[in-house]
Amino acid sequence: MDHLAYQSRRATPDDVPALQALWQKAELPWNELESYIDEFVVVPGPEGVLIGALGIMVEGIEALLHSEALMVVEDADEVREAMWKRVQNLARAGGAKRVWTQEDALFWQTLGFTKATPAIVTEAKASFLEQTGDWLVFPLFNPEKAQEIIREHMAVWETQRIEAVSEYKNRTRLIKQVLWIVFGVMVAIAVIWFWVFTQRNPRFLPDLIDKMRS
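Here the structure is a predicted model, which is why all the values come from computation and not from measurement.

Chemist: Would you take a moment to explain the environment of valine 72 for this structure?
Modeler: Checked against the element boundaries, valine 72 lands in the loop between strand E4 (62–70) and helix H3 (76–93). Relative accessible area serves as the criterion here: at 24%, valine 72 is assigned to the partly exposed category. Along the chain, valine 72 and alanine 105 lie 33 residues apart, while their C-alpha atoms are 14 Å from each other. With sequence-adjacent residues up to four places away left out, valine 72 is seen in contact with Ile51 and Val79.

If you want it as C-alpha cells, here you go:
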C-alpha cells in the first residue's frame, strides 16, 4: 500500500476491541490502556482494520509518546509517520514543548529524537519521567525557527504599515484637492453671484460705500 494513503485519526470508544487486539499483539497491558483511549491515535488499514496505534500524553510542557502497537511490518515506518504527524499536533495543541519516548524503533531516532542526558531528564518536570530510564527527546519548539517566523511576521507587518501610511497620505492629498476644488467653486459662484447682483442693482455699491463713510 502506498504510504501516502495512510491516514491517522483520534481513537474512539468504538475502536476499543481493535485496539485491544493491537495491544495484545504488541504485548502491552491492554486491559489497562483502555482507560486512556483519549490519548491514542490510530491508523486504519485498507479494509478498515486498525493497523497502528500510538499514545500521546501531555503533562505541562512535556509530552510522552507511548504504547506503540503495529499490525504491519513492511510499511511500519509509513504508519508511524502518519501517526507522528497527528500526535505532534496534539502535543503542540496541549502546550507541550518537548516529546519524550522510550520507543526503541530506529524510526524515532531518524526522525530527530535524540538521547536525553541525565541533566535534561532531571530538569524536566513530569511525573512519567523515571530518572534511571533511557529516554529519547524531541524538541517541539525550535528557537531558530521561531525567530525566523517572527522576522517574517515583522516584515509582513512593516510592509502593511508602509502601504497603510502611503494609502493614508494619498487619501489625505485627495481630500485636500477635493476641498480646494470645492472652495474654488464656491468662491467662483460667490464672485459670479456678486457680479450678477451688482449688475442688476447698480446703486448697491455706491450706497454701500456711502453707508460705510457715514
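Here the narrative resumes.
Chemist: What's the story with the packing of aromatic side chains in this structure? I'm lost.
Modeler: On inspection of all chains with the given rule, the structure shows 11 aromatic pairs. The interplanar angle of 55 degrees and the centroid separation of 5.1 Å between the aromatic rings of tryptophan 23 and phenylalanine 40 together place this pair among those described as tilted. Separated by 17 residues along the polypeptide, tryptophan 23 in helix H1 (residues 16–25) and phenylalanine 40 in strand E2 (residues 40–44) bring together distant segments of the chain. In this structure, tryptophan 23 and phenylalanine 40 share a single accessibility class: buried. Ring geometry for tryptophan 108 against phenylalanine 113: centres 5.9 Å apart, planes inclined by 85 degrees, an arrangement best described as edge-to-face. A connected cluster of aromatic rings, assembled from ring pairs, spans Trp84, Phe107, Trp108, Phe113 and Phe138.

Chemist: Is there a simple way to think about unusual backbone geometry in this case?
Modeler: As a rule of thumb, non-glycine residues mostly have phi less than zero, and peptide bonds are mostly trans rather than cis. Of note, the phi angle at glutamate 27 is positive, near 60 degrees, even though the residue is not glycine. Inspection of the secondary structure puts glutamate 27 in the loop between H1 and helix H2 (30–33). Residue classification places glutamate 27 among the exposed residues on the basis of a relative accessible area of 74%. Residues other than glycine seldom take positive phi values, yet serine 67 does so here, at roughly 55 degrees. As for its position among the elements, serine 67 is in strand E4.

Chemist: Is there a simple way to explain the pairing of E4 in this structure?
Modeler: For a regular strand, side-chain orientation follows a simple rule: the groups alternate between the two sheet faces. The buried fraction of E4 is high, at nine of nine residues. Alignment of strand E3 (residues 50–59) against E4, held across seven bridges, turns out to be antiparallel. In the sheet register, valine 58 faces E4, and the bridge partner there is alanine 63. Between E3 and E4, which pair antiparallel in sequence order, lie two residues; one of them, glycine 60, sits at a positive phi of approximately 65 degrees. Strand direction decides the pairing type here: E4 and strand E5 (residues 98–101), joined by four bridges, are parallel. Bridge assignment links leucine 64 to a residue of E5, and that residue is tryptophan 100. Handedness of the β-α-β unit built from E4, H3 and E5 comes out right-handed.

Chemist: How should the sheet that holds strand E6 (residues 114–115) be read in this particular structure?
Modeler: In sheet architecture, strand pairing relies on hydrogen bonds along the backbone and comes in two forms, parallel and antiparallel. Pairing in this open sheet of seven strands is mixed, and the strands run E1-E2-E3-E4-E5-E7-E6 from one edge to the other. Edge strands, defined here as strands with exactly one partner in the open sheet, are strand E1 (9–10) and E6. H3 contacts E1, E2, E3, E4, E5 and strand E7 (136–139) of the sheet and is inclined by roughly 30 degrees relative to E3.

Chemist: How should the side chain of arginine 80 be read in this particular structure?
Modeler: Relative to the elements of secondary structure, arginine 80 occurs in helix H3. Assessed through its relative accessible area of 10%, arginine 80 is described here as buried. Of note is the side chain of arginine 80, whose polar atom sits 2.8 Å from the side chain of glutamate 68. With residues up to four places along the chain from it excluded, the contact list for arginine 80 reads Glu68, Leu70, Ala105, Phe107 and Trp108.

Chemist: Before we go on, may I ask you to explain the nonpolar core in this structure?
Modeler: Taken as a class, soluble globular proteins show a tendency for nonpolar side chains to be buried jointly. By size, the foremost hydrophobic cluster in this structure holds 25 residues, and its most contacted members are Leu65, Val99, Trp108 and Phe113. Of all the secondary-structure elements, those providing two or more residues to this core are E2, E3, E4, H3, helix H4 (106–111) and E7. Residues in contact with valine 99, not counting those within four places in the same chain, are Ile56, Ala63, Leu65, Trp84, Ala91, Phe113, Leu136, Val137, Phe138 and Leu140.

Chemist: Looking at this structure, how should I read H1?
Modeler: Helical periodicity: at 3.6 residues per turn, an α-helix aligns residues three or four positions apart in one direction. All of the buried residues along H1 are Val16, Leu19, Gln20, Leu22 and Trp23. Projected down its long axis, H1 carries its buried residues within an arc of 165 degrees, all on one side. Buried residues along H1 sit against H2, E2, E3 and E4. Glutamate 27 occupies a position one or two residues after H1 and carries a positive phi of about 60 degrees.

Rules used throughout
- Residues numbered from 1 in each chain as written.
- Predicted model: local features only at pLDDT ≥ 70, side-chain atom pairs only at ≥ 80, totals over all residues.
- Heavy atoms only, no water.
- Helix = DSSP H or I, 4+ residues; strand = E, 2+ residues; numbered from the N terminus.
- Buried < 20%, exposed > 50% of the residue type's maximum accessible area, 1.4 Å probe, protein only.
- Contact = heavy atoms within 4.5 Å.
- Phe/Tyr/Trp six-rings, centres within 6.5 Å; stacked < 30°, edge-to-face > 60°.
- Pairing = 2+ DSSP bridges.
- Right-handed = clockwise from strand over helix to strand, strands pointing away.
- Axes fitted to C-alpha atoms, helices over the stretch in contact; angles between N-to-C directions.
- Polar contact = N/O pair within 3.5 Å; in protein donor to acceptor, adjacent residues only side chain to side chain.
- Core = buried A, V, L, I, M, F, W, Y, C linked by side-chain atoms within 4.5 Å.
- Arc of directions from axis to C-beta.

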